[in-house]
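Letter by letter, the chains look like this.
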Amino acid sequence: MTYVVNPPEQVSLPVVDSADRFPVGQIYCVGRNYADHAVEMGHDPDREPPFFFIKPSFAIMQQGAQMRYPAFSQDVHHEVELVVALGRGARDIDAADAMTLVFGYAVGIDMTRRDLQADAKAKGRPWEAGKTFADAAPCSAVMPLSRSGVLAEGQISLSINGEQRQRGDINQMIWKVPEVIARLSSLFVLAPGDLIFTGTPAGVGPIDPGDLIEAGVEGVGKLEITVGAQR
Ligand code: MN
């Protein structure tokens, strides 16, 4: 097929122990999927269930790169998250079958312009300006499920300049990974290459130019980035 304009470049991530890369499609994100984070943001997790939002693939940032601190914000926050990478698509899949879609896992950070998000919340507007910008989704190499096995627990953490800021366990998720996949498959159209950022534990806070950020999920890997000057 030929197109009337050049198609966009495919965004991709490295794969652990492979020369081949993982092509990135949609980036689904779960909001308030850890009770202690919901509480720190002023919400009652017993009354408000988790929910979804989507980042575009241009938000992906590679392991080891320097993040461009985004424009229009003075309060960018880190949210370390377990990322699920889909190898197959589906619609209306049951939770019991959902793990058959998974290619692997990664470590991601849902970077957030908290000041713009708070403004959107106050005005009842969409969150995109808070959640989406270049480098809003730093992500590690993808660890194949064939190597990691299915992960139901494991420490998730993030430190800045060697000081731990976030620490939890992925077994604290309100909606577990199979349930997240099942719900997404009923709401949207899941496809190979889609990523799911599964929510963050407590301890979110600001980043600053010059920071070294180290994030990790036990059994998956590590993600290291630095923060550059505001663009
Ligand atoms: Mn998040």
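Parameters and conventions
Every chain's residues receive numbers from 1 upward, in the order its sequence appears when written. Per-residue local features are limited, in this predicted model, to residues with pLDDT of at least 70; the limit for side-chain atom pairs, both in listing and counting, is 80 or more; totals at the level of whole chains, interfaces and linings are taken over all residues. Side-chain measures here rest on the full set of heavy atoms in the structure, leaving out hydrogens and waters. Burial classes follow relative accessibility: with a 1.4 Å probe on protein chains only, a residue under 20% of its type's maximum area counts as buried, one over 50% as exposed, and anything between as partly exposed. Secondary structure is summarised from DSSP: a helix means a run of H or I of at least four residues, a strand means a run of E of at least two, and numbering begins at the N terminus for each. Starting at the helix axis, one direction is taken to each C-beta atom, and the arc is that of these directions. Residue contacts are defined here by distance: any two heavy atoms, one from each residue, within 4.5 Å place the two residues in contact. Pairing of aromatic rings covers Phe, Tyr and Trp, the last through its six-membered ring, and needs centres within 6.5 Å; plane angles under 30 degrees mean stacked, over 60 mean edge-to-face, and all others mean tilted. Charge over a ring is defined by NZ of Lys or CZ of Arg lying within 6 Å of the ring centre and within 35 degrees of the ring normal. The pairing criterion is simple: DSSP has to find at least two bridges between the two strands. Convention adopted: a line fitted to C-alpha atoms gives each axis, helices being fitted over their contacting stretch, and angles between N-to-C directions are expressed from 0 to 180 degrees.

Colleague: Please explain helix 2 (residues 114-123) as it appears in this structure.
Modeller: Three or four residues apart is the spacing at which side chains of an α-helix point the same way, because the helix has 3.6 residues per turn. When we look at burial in helix 2, the residues that qualify are Arg 114, Gln 117 and Ala 120. Down the axis of helix 2, the buried set is contained in an arc of 120°. They therefore lie on one face. Those residues of helix 2 hidden inside the fold are in contact with strand 7 (76-78), strand 10 (112-113) and helix 3 (128-131). Directly beyond the C-terminal end of helix 2, a positive phi value near 70° is found at Gly 124.

Colleague: Could you clarify how one ought to interpret the packing of aromatic side chains in this entry?
Modeller: Any pair of aromatic rings gets described here by the distance separating the centres and the angle formed by the planes. Counted by the stated rule, this structure contains five aromatic pairs. Note on Phe 52 and Trp 175: the rings are 5.7 Å apart at their centroids and 40° apart in plane angle, and the pair reads as tilted. Of this pair, Phe 52 sits in strand 4 (residues 51-55) while Trp 175 sits in the loop between strand 14 (163-169) and helix 5 (177-187), and the two are 123 residues apart along the sequence. For Trp 175, a relative accessible area of 8% corresponds to the buried category. Three or more aromatic residues joined by ring pairs form one cluster here, namely Phe 51, Phe 53 and Trp 127. Over the aromatic face of Trp 175 sits the side chain of Arg 183, whose NZ or CZ is 3.8 Å from the ring centroid.

Colleague: In this structure, what is going on with the environment of Val 76? I would like to understand it.
Modeller: Turning to its location among the elements, Val 76 is positioned in strand 7. Taking relative accessible area as the criterion, Val 76 reaches 0% and is therefore assigned buried. For the pair Val 76 and Pro 192, spaced 116 residues apart in sequence, the C-alpha separation works out to 30 Å. When sequence neighbours within four positions are dropped, the list of residues in contact with Val 76 reads Met 67, Tyr 69, Pro 70, Met 111, Thr 112, Arg 113, Phe 133, Gly 205, Pro 206 and Ile 207.

Colleague: I'm lost on the sheet that holds strand 18 (residues 221-230) in this one. Help?
Modeller: Strands belonging to one sheet form pairs held by backbone hydrogen bonds; the direction of such a pair is parallel or antiparallel. Read from one edge of the open sheet, five strands run 6-18-17-13-14, paired in mixed fashion. Looking at the sheet topology across the chains shown, the edges are occupied by strand 6 (66-69) and strand 14. In this sheet, adjacent strand axes meet at a mean angle of 20° when their direction is disregarded.

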